Amino acid sequence: SKSWGLAGVRCGVAISSPQVISFMDRMKAPYNMNVLTSSVVVKNLKKKEEMLKTVEEIKNEKKKVVAELEKIPHVVKVFPSSANFLLFRVKSHSKEIYRAIAASGVVIRLVTCVR
């Protein structure tokens, strides 16, 4: 959904074996997607080229962020990522760095238990 710029739409897809889908069908609400969500998704699925362009822009911006993080002396490592987030390790003062980054408006999570 993020690739389409629709993160707030809350629409997902499940692909699995018939047995698992059958089990999931028994657990879901009878109308698990409202008409508004459905119409927004169908309309945007027709914009494949626009979505692919957005994906490339996101990948390029991610590379820039990685490059900038790697320039910071306090950053020990930026871990490889195919996801929509980056994980990086700092030498020390992780809480202070977290607060400074968050205060600047960047969405960030403090993860202190990763070894």
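Here, every reference points to the structure presented above.
Before going into details, it helps to say that this report is about the structure given with it. Source: prediction; values computed, not measured. (Residues numbered from 1 in each chain as written. Predicted model: local features only at pLDDT ≥ 70, side-chain atom pairs only at ≥ 80, totals over all residues. Heavy atoms only, no water.)

Some points on the overall build of the protein chain
When helices and strands are tallied, the protein chain shows four helices and two strands. Helices and strands in the protein chain line up, N terminus first, as α-α-α-β-β-α. Over its C-alpha atoms the protein chain spans a radius of gyration of 19 Å, topping by over 25% the 13 Å that the globule rule assigns to 115 residues. Expressed along its principal axes, the backbone C-alpha trace of the protein chain runs to roughly 50 × 35 × 25 Å. (Helix = DSSP H or I, 4+ residues; strand = E, 2+ residues; numbered from the N terminus. Rg over C-alpha atoms; globule rule 2.2 N^0.38 Å.)

A look at the side chain of Asn44
Position of Asn44 among the secondary structure elements: in helix α2 (residues 35-45). With sequence-adjacent residues up to four places away left out, Asn44 is seen in contact with Trp4 and Leu6. (Contact = heavy atoms within 4.5 Å.)

Focus on the nonpolar core
Formed by Val66, Leu69, Val75, Val78 and Val90, the largest nonpolar core amounts to five residues. Breaking this core down by element, the ones donating at least two residues are α3 (48-71) and β1 (75-78). The contact partners of Val90, leaving out residues within four places of it in the chain, are His74, Val75, Val76 and Ile97. (Core = buried A, V, L, I, M, F, W, Y, C linked by side-chain atoms within 4.5 Å. Buried < 20%, exposed > 50% of the residue type's maximum accessible area, 1.4 Å probe, protein only.)

All we've got here are geometric facts, nothing functional implied.
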